[in-house]
Amino acid sequence: MKQFVLKKSGNEFDDESKKYERMNDKLNELYEKLQGDVSKEEGDAIIEEFQNLIKNCGAAFELRVIPGFDTPVVTGESKAGALIFGITTNMKPDLITECFKACTQAFSKELERQINMHKVDHQIH
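We now turn to the structure provided with this report. As a convention, each chain's residues are numbered from 1 in the sequence order in which they are written. Thresholds applied to this predicted model are a pLDDT of at least 70 for local features of residues and 80 or more for the giving and counting of side-chain atom pairs; totals over whole chains, interfaces and linings are not thresholded and use all residues. Side-chain descriptors were evaluated using all non-hydrogen atoms of the structure, hydrogens and water having been removed beforehand.

Brief notes about the pairing of strand β2 (residues 73-78)
Regular strands have side chains that alternate between both faces of the sheet.
Part 1: Direction of pairing for strand β1 (residues 61-66) relative to β2: antiparallel, over a ladder of 6 bridges. When the bridges of β2 are listed, Leu-63 appears paired with Gly-76.
Part 2: What makes two strands pair is DSSP finding at least two bridges between them. Strands here are runs of E lasting at least two residues and helices are runs of H or I lasting at least four, both read from the DSSP assignment and numbered beginning at the N terminus. Between β1 and β2, which pair antiparallel and follow one another directly, the connecting turn spans 6 residues.

Here we look at the nonpolar core
Part 1: Counting 6 residues, the largest nonpolar core consists of Met-23, Leu-27, Leu-30, Ile-46, Leu-53 and Ile-84.
Part 2: Among the elements of the structure, α1 (10-35) and α2 (40-56) are those that each provide at least two residues to this core.
Part 3: Ranked by residue count, the leading element in this core is α1, at 3 residues.
Part 4: Residue contacts are counted whenever heavy atoms from the two residues lie within 4.5 Å of one another. Here Leu-27 is in contact with Phe-50, Leu-53, Ile-84 and Ile-87, once residues within four sequence places are set aside. Buried residues of nine kinds, namely Ala, Val, Leu, Ile, Met, Phe, Trp, Tyr and Cys, make up a nonpolar core once their side-chain atoms join them within 4.5 Å. Think of it in three bands: with a 1.4 Å probe and only protein chains considered, a residue is buried below 20% of the maximum accessible area for its type, exposed above 50%, and partly exposed in between.

Some thoughts on the layout of surface pockets
Where empty space is left in the structure can be found by rolling a water-sized probe over the atoms.
Part 1: A cavity here means a set of points on a 1 Å grid, drawn over the protein atoms and nothing else, where a 1.4 Å probe fits but cannot get out; a pocket is an open set with protein on both sides within 12 Å along at least five of seven lines, and a residue lines either one if it has an atom within 4 Å of a point. Grid points are joined across faces, edges and corners, and a volume is the space filled by probe spheres set on the points. When its volume is computed, the largest pocket comes out at roughly 250 Å³.
Part 2: Forming the boundary of the largest pocket are 11 residues, of which Leu-27, Leu-30, Tyr-31, Leu-34 and Phe-50 lie nearest the centre.
Part 3: Of all the secondary-structure elements, those providing two or more residues to the lining of the largest pocket are α1, α2 and α3 (81-89).
Part 4: With 5 residues, α1 is the largest single contributor of residues to the lining of the largest pocket.
Part 5: Considering only residue class, the lining of the largest pocket consists of 8 nonpolar, 3 polar and no charged. Amino acids outside the nonpolar list (Ala, Val, Leu, Ile, Met, Phe, Trp, Tyr, Cys, Pro) and the charged list (Asp, Glu, Lys, Arg) are all regarded as polar, and Gly is one of them.

Quick word on the pattern of salt bridges
Part 1: The salt bridge definition used is simple: a Lys or Arg side-chain nitrogen within 4 Å of an Asp or Glu carboxyl oxygen. Scanning the model with the defined rule gives 3 salt bridges in all.
Part 2: Put simply, Lys-40 and Asp-44 hold a salt bridge, and the shortest N to O gap is 3.3 Å. In this pair, Lys-40 and Asp-44 are both assigned in helix α2, 4 residues apart and thus about one turn of the helix distant.
Part 3: As a salt-bridge pair, Glu-62 and Arg-64 come within 3.0 Å of each other at their nearest N and O atoms.
Part 4: The class for Glu-62 is partly exposed, based on a relative accessible area of 29%.
Part 5: A relative accessible area of 39% places Arg-64 in the partly exposed class.

Some details on the state of the cysteines
Put plainly, two cysteines are in a disulfide when a covalent bond ties their sulfur atoms together.
Part 1: By definition, disulfides here are pairs of cysteine sulfur atoms that lie within 2.5 Å. Overall, the coordinates contain 0 disulfides when judged by the stated rule.
Part 2: Free of any disulfide, Cys-99 has its nearest neighbouring cysteine sulfur in Cys-103, separated by 6.7 Å.
Part 3: On the basis of relative accessibility, which here comes to 45%, the residue Cys-103 falls in the partly exposed class.

Let's talk about a nonpolar patch on the surface
Part 1: Residues enter a patch when their relative accessible area is above 30% and they make no salt bridge; the linking distance is 9 Å between like charges and 5 Å between nonpolar side chains (Val, Leu, Ile, Met, Phe, Trp, Tyr). Here the accessible surface of atoms and residues is derived via Shrake-Rupley with a 1.4 Å probe, and residues count as covered only by protein chains that are part of the display. Taken together, Leu-63, Val-65 and Phe-107 make up a surface patch of nonpolar side chains, about 220 Å² in accessible area.
Part 2: Its place among the elements puts Phe-107 in helix α4 (residues 93-124).

Spelled out as structure tokens, the structure:
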């Protein structure tokens, strides 16, 4: 099995870091706006701005499926978007990690079940 490694230069990491700093600043700005009295129109505009920001933050979690001899191995990885997820839900990082872990395990079990079901279907025909 070939393995591909994505190498990022320091500049790419710096760019990514700056992107999330800007997003965090924007989240704080939106939060401050919501602390005062806002009209329904202003509130709707803030919510729309917030939703656009979330769309740009990327996935909070990524599943990776690695082919195995008997069954695939499923692993999960928290992405930078998990930071935004944590801020927006006020969930502690440990709780977010537990949720992602549970999702990974559930997906792994369901994938294995589907593969085994598919193997049985092929053996019957």
